[in-house]
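# Report on the structure
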Amino acid sequence: MRSYGAITTITMLALPAICCRGGDARPPDSGRAALPASAPAATNVPAEDGQWTIAAKDHANTRWSGLLEIDATNVSRLALAWTFSTGVLAGHEGAPLVVGSTMYVLSPFPHTLYALDLARPGAPVRWRYAPPYIPAAPGVSCCGRVNRGPAYADGAVYFATLDDQVVAVDAESGRERWRVTVGAVERGETMTMAPVVVKGKVLVGNSGGEFGVRGWLTALDAATGRIAWRAYSTGPDEDVLIGEGFSPFYEKDRGSDLGVTTWPPDMWKRGGGTAWGWISYDPELDLVYYGTGNAGVWNPDLRPGDNKWAASIFARDPDTGEARWAYQVWPHDRNDYDAVNESVLLDLPLDGATRKVLVRAERNGYMYLMDRATGAVIAADSFAYSTSTKGVDLATGRPLEDTTRWIRHGRVVREICPAVPGGKDWQPMAYSFRTGLLYVPGNNLCMDVEGVEANYIEGTPYVGAVSRFYAGPGGHRGMFFAWDPVNRRKVWSVNENFPVFSGALATAGDVVFYGTMDRWLKALDARTGAVLWRFRTASGIVSQPITYRGPDGKQYVAVFDGVGGWPGAVVSNDLDPRDSTAADGFVGATSDLPQHTEKGGTLYVFALP
């Protein structure tokens, strides 16, 4: 179970099996006999303008591009067009933006925002902007100096900083429009997420669930930076912005002040539930969707109760922040299964009717299909090996937990699967409106954990567990797979040696892109999973690839290298690979990563010759 083989097998599920070569510099042969995979496609197809203005491409979080110059027949000829160094050797988890003829690149902390002129050869820098910063911020960041990208709206570029600032920069001149501090580094609060701008409000959430902070989502006026509302994840209903319009689908999520009564006295004040992941928006229902992180502390025996509203999904009114429904994915959160992963909003044909759904690949290893108007779980299907659960009870909304795999105080519990990073962590999936499939980067990890005592001291780690992660069944630590959300099944799957912590990109050319921690950017046939092209970068990839139409009319693909974040901490933070409990246990699964990659921080841009 713990052997680390470099496995690159593609498995077609319910289709003829195919595989590809690994280890050579040439792209594997894509001409294998396989039935083309597709599913009934969603009907809410976004318009394509050739730009990439927010990290997720659109508010439905599809990461879908309608560009099709680069397709499955010619992607093998993709060539490097130009590169740009951010000058920071740290984890690069973000996505560049393209607005008109300008690309905006945000570096990890200490952040610099660059505007690159795409109309000129080599894309020289038009301007750069760097806010003042608090040097102590990386010391209270659980997972490196990462940032998941800026957002563009109405002539401004917005981003959140690791030291809790939200900044608005004029997109044309690079002048600061406003800058507001919304959190407190001294309490252990940081920010790593990509903001979203909805109806004139900039939505941001905090990080710091491993430091005993209290999670929140905050809306700022996009023109002034004034805080319009703040919704806490724990505490009384008035703080969580739960009122008369709140209508959760499940009985377990109904009641007054559950953000207090489901916790031991006062523990909700340091209960986690941070909102550091992805935000979606449905303009027809006028609701924003996001998830909350783990409950603090990791040791669940120290916090009896359901611990609302950690590990939950919220639907909120973007004007007021008022909650319309909530669903706690993981009551009591025994495994640190944050619910911050992206909700992909699709209008899908189900049972003879088109339904407005959200699809989520949760850390617990289940693909949730939910009615996004009501919060009802339509289905929850396994996509990753699990010993922690036996399914999800659709009548109650509760996971069917295996009590023998509960983390216990003072006792080592072995082979809890998935490990804390889940079957999928924050790394975002993509959807193709041509194939009707989701493309999911994932993990194949298990863990041994001992719950230990935790004492809260402001601004210091508040974890209460000693963990060690390792490869799950098969020995590979990652996977990239296609999922049919209508028929609720995997279609094909590719095993990767390391966890796949890159985002996915799907295009109208029937090509899907993702990167690996051992330095490959890959292009796969969206229907079969066959590798059509790959490029070796200088450092591992944990970022989000994008594609855009340049001023010259050509289609380009761009991605950062720069290994880091939580899975790459053994490299980016110079940790001792012999300590399997380092990085809260992730080094146990990535101790050999320094043999495969160096630190990095370069943007690569590709095009057809």
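### Digging into the packing of aromatic side chains
- For the coordinates displayed, the defined rule picks out 32 aromatic pairs.
- Taking 5.0 Å as the distance between ring centres and 70° as the angle between the ring planes, the aromatic pair formed by F84 and Y114 counts as edge-to-face. Of this pair, F84 sits in strand β3 (residues 79–85) while Y114 is found in strand β6 (residues 113–117), placing the two residues 30 residues apart along the sequence.
- Owing to a relative accessible area of 13%, F84 belongs among the buried residues under this scheme.
- With a relative accessible area of 10%, Y114 lands in the buried category.
- Seen from their ring centres, F535 and F606 are 4.9 Å apart, and the 70° between their planes marks the pair as edge-to-face.

### Focus on the state of the cysteines
- Taken as a whole and assessed by the stated rule, the structure comprises two disulfides.
- Residue pairing for C142: its cysteine sulfur links by disulfide to C143, the two sulfurs lying 2.2 Å apart. Where C142 bonds to C143 through sulfur, the torsion about that S-S bond is close to -85°, and the disulfide is left-handed.
- Across the disulfide from C417 sits C446; the S-S distance is 2.1 Å. Of note, the bridge from C417 to C446 carries an S-S torsion of about 110° and is right-handed in sense. With C417 in the loop between β26 (412–416) and β27 (430–431) and C446 in strand β29 (residues 445–451), this pair connects stretches of sequence that are 29 residues apart.
- We classify C417 as buried; its relative accessible area is 0%.
- Note on C446: relative accessible area 1%, which makes it buried.
- Taken N- to C-terminal, the disulfide-bonded cysteines of the protein chain are connected 1-2, 3-4.

### Observations regarding empty space enclosed by the protein
- In this structure the tally under the stated criterion is four cavities of 30 Å³ or more.
- Of the voids in this model, the largest cavity is the one considered here, and its volume is about 300 Å³.
- Lining the largest cavity we find 27 residues, and of these C142, C143, R148, E210 and W276 sit closest to its centre.
- Broken down by class, the residue content of the lining of the largest cavity amounts to nine nonpolar, ten polar and eight charged.

### Observations regarding the sheet that holds strand β18 (residues 312–316)
- One open sheet holds the four strands; their spatial order is β16-β17-β18-β19, and the pairing between them is antiparallel. Each of the sheet's edge strands pairs with one partner strand only, and the pair in question is β16 (279–282) and β19 (323–328). Neighbour-to-neighbour, the strand axes of the sheet open up by a mean angle of 15°, direction not taken into account.
- Direction of pairing for β16 relative to strand β17 (residues 287–291): antiparallel, over a ladder of four bridges.

### As for the side chain of D117
- Examined against the element boundaries, D117 turns out to sit in strand β6.
- A polar contact is formed between the side chain of D117 and the backbone nitrogen of A119, at a distance of 3.0 Å.

### Brief notes about the sheet that holds strand β20 (residues 344–350)
- In spatial order, the strands read β20-β21-β22-β23; together these four strands make up an open sheet with antiparallel pairing. Of all strands in the sheet, those bounded by a partner on one side alone are β20 and β23 (377–382). Across this sheet, the average inter-strand angle for adjacent strands is 30°, counted without regard to direction.
- Inspection of the sheet shows strand β22 (residues 366–371) paired to β23 by five bridges, in the antiparallel sense. Pairing of M367 across the sheet is with D381, part of β23.

### Regarding the pairing of strand β32 (residues 489–496)
- With respect to burial, β32 is a largely interior element, seven of its eight residues being buried.
- Where strand β31 (residues 478–484) lies against β32, seven bridges are found, and the strand directions are antiparallel. Across the sheet, G478 pairs through a bridge with E496, a residue of β32.

### Comments concerning the side chain of N147
- Examined against the element boundaries, N147 turns out to sit in the loop between β7 (125–129) and β8 (151–153).
- A distance of 2.7 Å separates the side chain of N147 from the backbone nitrogen of G149, its partner in a polar contact.
- Only 2.7 Å separates the side chain of N147 from the backbone oxygen of A160, close enough to count as a polar contact.

### A short note on the nonpolar core
- Grouped together as the largest cluster of nonpolar side chains are 83 residues, with contacts concentrated most on V75, W82, M103, Y104, F513, Y548 and L603.
- With near-sequence residues (within four places) excluded, L603 lies in contact with W82, T83, F84, P96, M103, V105, A558, V559 and F560.
- Residues F433, A482, V494 and L524 belong to the second largest nonpolar core, which totals 42 residues.

### Details of the pattern of salt bridges
- Taken as a whole and assessed by the stated rule, the structure comprises 38 salt bridges.
- Between R179 and E176 there is a salt bridge, with its nearest N and O atoms 3.1 Å apart.
- Since its relative accessible area comes to 35%, R179 is described here as partly exposed.
- We classify E176 as partly exposed; its relative accessible area is 37%.
- Of the charged contacts in the structure, one is a salt bridge between E189 and R187, with a shortest N-O distance of 2.9 Å.
- According to the relative accessible area criterion, E189 is buried, its value standing at 3%.

### Some details on the confidence of the model for the protein chain
- Residues of the protein chain with pLDDT of at least 70 account for 94%, and the chain-wide mean is 94.
- Low pLDDT, under 50, characterises residues 1–9; the stretch is placed with 35 contacts to residues that sit more than four places away or in other chains.
- In this model, residues 14–35 is a region of pLDDT below 50 whose contacts with residues beyond four sequence positions or in other chains number 42 contacts.

Quick notes on the rules
- Residues numbered from 1 in each chain as written.
- Predicted model: local features only at pLDDT ≥ 70, side-chain atom pairs only at ≥ 80, totals over all residues.
- Heavy atoms only, no water.
- Phe/Tyr/Trp six-rings, centres within 6.5 Å; stacked < 30°, edge-to-face > 60°.
- Helix = DSSP H or I, 4+ residues; strand = E, 2+ residues; numbered from the N terminus.
- Buried < 20%, exposed > 50% of the residue type's maximum accessible area, 1.4 Å probe, protein only.
- Disulfide = S-S within 2.5 Å.
- 1 Å grid on protein atoms, 1.4 Å probe; cavity = no way out; pocket = protein on both sides within 12 Å on 5 of 7 lines; lining within 4 Å.
- Points joined across faces, edges and corners; volume = space filled by probe spheres on them.
- Nonpolar A, V, L, I, M, F, W, Y, C, P; charged D, E, K, R; others polar.
- Pairing = 2+ DSSP bridges.
- Axes fitted to C-alpha atoms, helices over the stretch in contact; angles between N-to-C directions.
- Polar contact = N/O pair within 3.5 Å; in protein donor to acceptor, adjacent residues only side chain to side chain.
- Core = buried A, V, L, I, M, F, W, Y, C linked by side-chain atoms within 4.5 Å.
- Contact = heavy atoms within 4.5 Å.
- Salt bridge = Lys/Arg side-chain N within 4 Å of Asp/Glu carboxyl O.
- pLDDT = per-residue confidence, 0-100.

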